[in-house]
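Here are the chains, one letter per residue:
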Amino acid sequence: DQQVKQNSPSLSVQEGRISILNCDYTNSMFDYFLWYKKYPAEGPTFLISISSIKDKNEDGRFTVFLNKSAKHLSLHIVPSQPGDSAVYFCAAGGASGTYKYIFGTGTRLKVLA
Amino acid sequence: DAGITQSPRHKVTETGTPVTLRCHQTENHRYMYWYRQDPGHGLRLIHYSYGVKDTDKGEVSDGYSVSRSKTEDFLLTLESATSSQTSVYFCAISESILNEQFFGPGTRLTVL
C-alpha cells in the first residue's frame, strides 16, 4: 500500500509556462515534506521543503503548496525552463514518531523549448 | 554539494556472491541512509543509521545488512546477492531528524 503517490508518471510543458507536479499521501501524521529533482545517472537533488504548520513555501521559481485536509501537496515551477526536465520525487516524513521519509514513485517532467 | 561518495559506482556480480557497497561522507552528519531505486517504486529505504553503531531497518531490509563503525562510513552488505537486488543504490545523509537529505551519486548493481 503506497503511502505517498505521484499519480502522473510524466508531464510535458512548454518553456516559460507553469509546471505543476502533484503528490498525495494517505497518512495524516506526516508533518514534513520534501521535493527532489533527479537527472539521469545522478543522485536526487533537494529542491524545497514544507512543514505541516505552513501551507506554502517559496524558493525562487519553485513553490510548494500543502493542503493538509486533502492530504495533497504540489510543486509549482514558474517559469519552466528546459533545464528543469528531470524526474521529480516528493517525500513525506515524521509519522509514527520516526523520521524516515517515504518517497513517491516520481513524475518525469519534460520542458519543451 | 554535500561531500558524499559511493563506491563502487558500477558493479556486476553473480547470484549467491556477497557484495558490499560503501558510502563515505565528509560532512560529519549524524544520519545516513541506504535507498534503492527501481522503476515503478521510486526510492525505498533499506536501512538507516542515527549514529555510530546505531542502525535500524527501513521498508525493504530483507537480504541486506549494514554497519557503521565510523561517523563517515556506512556500509551496505548483500550477504548472498539475488537477481531481485539488481537496482540502483543511493546513500543519503542528513544533519538532523527531518532535515533534508543529501544524496550520493548512486551505485548501479547488476546481479546475474
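Calculation rules
Residues numbered from 1 in each chain as written. Chains lettered and ligands numbered in written order. Predicted model: local features only at pLDDT ≥ 70, side-chain atom pairs only at ≥ 80, totals over all residues. Heavy atoms only, no water. Helix = DSSP H or I, 4+ residues; strand = E, 2+ residues; numbered from the N terminus. Rg over C-alpha atoms; globule rule 2.2 N^0.38 Å. Buried < 20%, exposed > 50% of the residue type's maximum accessible area, 1.4 Å probe, protein only. Contact = heavy atoms within 4.5 Å. Areas by Shrake-Rupley, 256 points an atom, 1.4 Å probe, with all protein chains shown as cover. Pairing = 2+ DSSP bridges. Axes fitted to C-alpha atoms, helices over the stretch in contact; angles between N-to-C directions. Disulfide = S-S within 2.5 Å. Core = buried A, V, L, I, M, F, W, Y, C linked by side-chain atoms within 4.5 Å. Buried area = accessible area lost by both parts, 1.4 Å probe. Polar contact = N/O pair within 3.5 Å; in protein donor to acceptor, adjacent residues only side chain to side chain. Nonpolar A, V, L, I, M, F, W, Y, C, P; charged D, E, K, R; others polar. Patch = residues over 30% accessible without salt bridge, like charges linked within 9 Å, V, L, I, M, F, W, Y side chains within 5 Å. Salt bridge = Lys/Arg side-chain N within 4 Å of Asp/Glu carboxyl O.

Student: Describe the overall build of chain A, naming the residues involved and giving the relevant values.
Tutor: Counting secondary structure elements, chain A contains 0 helices and 11 strands. What you see in chain A, going N to C, is helices and strands ordered as β-β-β-β-β-β-β-β-β-β-β. Taking 13 Å as the expected radius of gyration for a compact globule of 113 residues, we find that chain A reaches 13 Å, a close match to that expectation. When the 113 residues of chain A are sorted by exposure, 48% land in the buried category. Here the contacts in chain A between residues at least 6 apart in sequence split such that 55% fall between residues at least 24 apart. For chain A, the accessible area works out to roughly 5400 Å², and carbon and sulfur atoms hold 48% of it.

Student: Give a description of the sheet that holds strand β7 (residues 64-70) of chain B that names residues and reports values.
Tutor: All names here are of chain B. What the 4 strands build is an open sheet, ordered β1-β3-β8-β7; its pairing is antiparallel. Either end of the sheet is taken by a strand with one partner, and the two such strands are β1 (4-7) and β7. Each adjacent strand pair in this sheet contributes to an overall mean axis angle of 20°, direction not counted. Across 5 bridges, the pairing between β7 and strand β8 (residues 73-78) is antiparallel. Residue pairing for β8: S65 is matched across the bridge by T77.

Student: An account of the state of the cysteines is needed here, citing residue identities and associated values.
Tutor: A complete count under the given rule lists 2 disulfides over all chains for this structure. Here C23 of chain A pairs with C90 of chain A through a disulfide, and the sulfurs are 1.9 Å apart. What sets the handedness of the C23 of chain A and C90 of chain A disulfide is the S-S torsion sign, and at about 70° it is right-handed. With C23 of chain A in strand β3 (residues 19-25) and C90 of chain A in strand β9 (residues 86-93), this pair connects stretches of sequence that are 67 residues apart. For the pair shown, C23 of chain A and C90 of chain A are each scored as buried. Across the disulfide from C23 of chain B sits C91 of chain B; the S-S distance is 1.9 Å. The disulfide joining C23 of chain B to C91 of chain B has a torsion of about -70° about its S-S bond and is therefore left-handed. Of this pair, C23 of chain B sits in strand β3 (residues 19-25) while C91 of chain B sits in strand β9 (residues 87-94), and the two are 68 residues apart along the sequence.

Student: Outline the pairing of strand β5 (residues 42-51) of chain B, listing residues and values.
Tutor: Residue and element names in this part refer to chain B. Counting buried positions along β5 yields 9 of 10 residues, so the element is predominantly enclosed. For strand β4 (residues 31-38) and β5, the ladder comprises 7 bridges, and the chain directions are antiparallel. The residue bridging W34 from the neighbouring strand is H47, located in β5. The hairpin formed by β4 and β5 contains 3 residues between the paired strands, and G40 there has a positive phi angle of roughly 85°. Taken together, the 4 bridges between β5 and strand β6 (residues 54-57) define a ladder with antiparallel strand orientation. The residue of β6 that forms the bridge with H47 is K57.

Student: For the nonpolar core, give the residues involved together with the corresponding values.
Tutor: With 24 residues, the main nonpolar core has V4, F33, W35, L73, L75 and Y88 of chain A as its most contacted residues. Of all the secondary-structure elements, those providing two or more residues to this core are β3, β4 (32-38), β5 (45-51), β7 (62-67), β8 (72-77), β9 and β11 (107-112) of chain A.

Student: Can you lay out the environment of L112 of chain B for me, pointing to particular residues and giving the numbers?
Tutor: By the element assignment, L112 of chain B lies in the segment after β11 (107-111). Apart from residues lying up to four places away in sequence, L112 of chain B is in contact with V12, T13, E14 and T15 of chain B.

Student: Tell me about the interface of chain A and chain B, residues and numbers included.
Tutor: How large an interface is tends to be reported as the accessible area lost when its parts come together. Counting residues at the interface gives 20 residues for chain A and 21 residues for chain B. Summed over both sides, the interface of chain A with chain B buries roughly 1700 Å², with 65% coming from carbon and sulfur. Counting across the interface, chain A meets chain B through 2 residue pairs in polar contact (both at pLDDT 80 or more). Secondary-structure elements contributing two or more residues to the side of chain A that touches chain B are β4, β9 and β10 (102-103) of chain A. Sorting elements by how many residues they give to the side of chain A that touches chain B places β4 of chain A first, with 4 residues. For the side of chain A that touches chain B, the residue count by class is 11 nonpolar, 5 polar and 4 charged.

Student: Could you give an account of the sheet that holds β8 of chain A, naming the residues involved and the relevant values?
Tutor: In space, the 5 strands of this open sheet follow the order β1-β3-β8-β7-β6 (chain A), with antiparallel pairing throughout. Each edge of the sheet is formed by a strand with only one pairing partner; in this case those strands are β1 (4-5) and β6 (56-59) of chain A.

Student: I'd like to hear about a nonpolar patch on the surface, residue by residue, with values.
Tutor: There is a patch of nonpolar side chains on the surface, built from I18, I20 and V78 of chain A and spanning about 220 Å² of accessible area. Given a relative accessible area of 41%, V78 of chain A falls into the partly exposed group.

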